[in-house]
Structure formats: C-alpha cells, structure tokens
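Geometric and topological summary
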Amino acid sequence: MDVKEQIEILVALQKNDTDVERVQGMISGIREKRSGMEARVAEAASAAETAAAELAELRKEYRALEGDVKINLELIRKSKSRLPSVKSNKEYQALLRQIEETERTNSRIEDSMLSLLDRIEAGEKLVAQREQEGKQAEAAFASEKARLDGEVRNGKAQLTKLAAERERIAGSASDALLETFNRTRQLVEGPAVVPVRGTTCEGCNINIPPQQAIELRRFESLNFCPFCNRLIYWERPLE
Ligand SMILES: [Zn+2]
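Here the structure is a predicted model, which means the values were calculated and not measured. (Residues numbered from 1 in each chain as written. Predicted model: local features only at pLDDT ≥ 70, side-chain atom pairs only at ≥ 80, totals over all residues. Heavy atoms only, no water.)

With that out of the way, let us pick up the nonpolar core. Formed by 26 residues in total, the largest nonpolar core has its most connected members in Val-193, Cys-201, Ile-208 and Ile-232. Those elements that provide at least two residues to this core are helix 1 (3–82), helix 3 (175–187), strand 1 (193–197), helix 4 (210–218) and strand 4 (231–235). Ranked by residues supplied to this core, first place goes to helix 1 with 5 residues. Residue assignment places this core across two domains, with domain 1 (3–173) and domain 2 (178–235) each supplying three or more. Beyond its immediate sequence surroundings of up to four residues, Ile-232 is in contact with Val-194, Val-196, Cys-201, Ile-208, Gln-212, Leu-216, Asn-223, Phe-224 and Cys-225. (Core = buried A, V, L, I, M, F, W, Y, C linked by side-chain atoms within 4.5 Å. Buried < 20%, exposed > 50% of the residue type's maximum accessible area, 1.4 Å probe, protein only. Helix = DSSP H or I, 4+ residues; strand = E, 2+ residues; numbered from the N terminus. Domains from an automatic or database assignment. Contact = heavy atoms within 4.5 Å.)

Shown next as structure tokens:
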C-alpha cells in the first residue's frame, strides 16, 4: 500500500473520530439540557410545596389565636356573670381588673390575627404564583422532551453508522498503520492527523522545516509534525 493510500485511510479515520466526537458532544449537550429542564420542574414543584407548607403554618397559627380569643371571651363572660354576686368592693375591683386585662389580651391577639391575615393573603398569592411557575416548567419540559429524546435517538443512530464506517475503514488498513494512528491519538490532544498547507501544520500552526515540507510533497513516508507530534500530510493550499 503506498503512502498516499495510507494517508487517505488516516484522514478517513481522523474524520470518523472527529464526527464521533461531534455527535457525542451533541448528545451530551442535549442530555444536559434535558436534565436542566427536569431539575427546573423539580425545583418549581418543591418551591410550590414550600409555599403551601408555609401558608398552612400561618393558617394553623391563625386558628390557634382564634381559639385563644374564644377562650378569653368565655372567661370574660363568666367573670361578668360573677360580678353581681361579688360581696366586697375589693373583690369586685379585682374581678373588674381581671376582665379588663383579659379584654386587653384579646385586643392584642386580634391585632396579631389582623397582621396574620395580611401574611396569609400574601402567602395565598405566593402559592398561586409558585403553582403557576410549576405548571409552566412542566409544560416547557413536556413540549421539549419528545424533541430532545428524538435528537438523542438520531445521534445514537449516527454513532452506530459511524462505528460501522470505522470498522470498514479499519478493515482496509494494516495493523501497523492502525497502531501508528492509535498511538498518535493517545499522544496528542485533538486531531491526530492534520494537513500541512504551504508549510504550516494545521494542528499547531507552526511552520515545519522547509526540507520536511518538500518531503511531504513526495509522499514517500508518513511524517510527524516535529512540534506537535501529529501525523501530517501535504494538502494543496486553499485557492
Ligand atoms: Zn504541528
């Protein structure tokens, strides 16, 4: 097999690698997007739950105060009913003071209830808003899900095709050539096979020595860039 044919195989292997990487990148990008949307749905649901729990807590607090007011009203009613039967003036004044004290307590509790009502109203609005946001996140995910899953399936089909293509290319290569390619691939970051246009290695953008540039044009042996160690081959400069 002459050097030009070997280079053709190397270029095909490299293109296959690049395509696989691109498709894998696309798939993982889609998966990231999908899980981001799922996370937003979960976050929105948990925010709605938190708001609902806080609202329930405020309502519970309100009902407790309501109960206290009722108990105090009952106390006041009983004390008032005792007033006519009280014998001494001292006892009468004491009972009156107790009634007034309980009435003041109730008035304080009612103030608290009013401010609680404000917070309950705000809490109800927040729950409605959070629920709305949850529905929006769910709807966004539902409408995107099918499309994203379809894209992942497409990507996987492309990978299957690329793997078959890879087998075919590798089948036409000698073991030694495959070994050279694989070794180079492990040595370098990014593409293992790059063209040299003019005298510039496209892997590292450094000019290779003029003598090597001349050798490349003869296609007599496989060459490596002396700077980035990639497999290089000569390619006509772009017009
Ligand atoms: Zn280079």
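Structure's up, so let's keep going.
Each domain of the protein chain was delimited in the assignment, giving domain 1 (3–173) and domain 2 (178–235). For domain 1 and domain 2, the distance between their C-alpha centres works out to 56 Å. Both sides together, the interface formed by domain 1 and domain 2 hides about 1200 Å², and carbon and sulfur atoms give 75% of it. Contact with domain 2 buries area across many residues of domain 1, yet Val-3, Leu-10 and Gln-14 alone supply 42% of it, more than any other trio. Viewed at the interface, domain 2 and domain 1 are joined by 1 salt bridge. Taking the shortest distance from any N to any O, the salt bridge between Arg-185 and Asp-17 comes out at 2.9 Å. Applying the counting criterion to the domain 1 and domain 2 interface returns 3 residue pairs in polar contact (both at pLDDT 80 or more). Contributing elements (two or more residues each) for the side of domain 1 that touches domain 2: helix 1 and helix 2 (89–171). A total of 9 residues in the side of domain 1 that touches domain 2 trace back to one element, the largest contributor, which is helix 1. Of the residues contributing to the side of domain 1 that touches domain 2, the split by class is 7 nonpolar, 2 polar and 3 charged. (Buried area = accessible area lost by both parts, 1.4 Å probe. Salt bridge = Lys/Arg side-chain N within 4 Å of Asp/Glu carboxyl O. Polar contact = N/O pair within 3.5 Å; in protein donor to acceptor, adjacent residues only side chain to side chain. Nonpolar A, V, L, I, M, F, W, Y, C, P; charged D, E, K, R; others polar.)

Take helix 1 next. An ideal rise of 1.5 Å per residue puts 118 Å on 80 residues; helix 1 measures up with 117 Å between its terminal C-alpha atoms. By the N-cap criterion, in which a side-chain oxygen at the helix start approaches the backbone nitrogen of a residue two or three places on, helix 1 is capped by Asp-2, the distance to Lys-4 being 3.2 Å. (Expected span 1.5 Å × (residues − 1).)

With that settled, consider the environment of Thr-102. Along the chain, the position of Thr-102 falls in helix 2. Residue classification places Thr-102 among the buried residues on the basis of a relative accessible area of 12%. Residues Thr-102 and Leu-73 lie 29 residues apart in sequence; the distance between their C-alpha atoms is 8.2 Å. Not counting residues within four places of it along the chain, the set of residues in contact with Thr-102 comprises Asn-72 and Ile-76.

Attention shifts here to the pattern of salt bridges. Scanning all chains against the criterion turns up 18 salt bridges. Asp-19 is the salt-bridge partner of Arg-22, the closest N and O atoms lying 3.8 Å from each other. Of the two residues, Arg-22 and Asp-19 both sit in helix 1, 3 residues apart, roughly one turn of that helix. Where Arg-34 meets Asp-149, a salt bridge forms, and the shortest distance between an N and an O atom there is 2.7 Å. Of this pair, Arg-34 sits in helix 1 while Asp-149 sits in helix 2, and the two are 115 residues apart along the sequence. For Asp-149, a relative accessible area of 22% puts it in the partly exposed group. In the salt-bridge network here, residues are joined through shared partners; they are Lys-33, Glu-144, Arg-147 and Glu-151.

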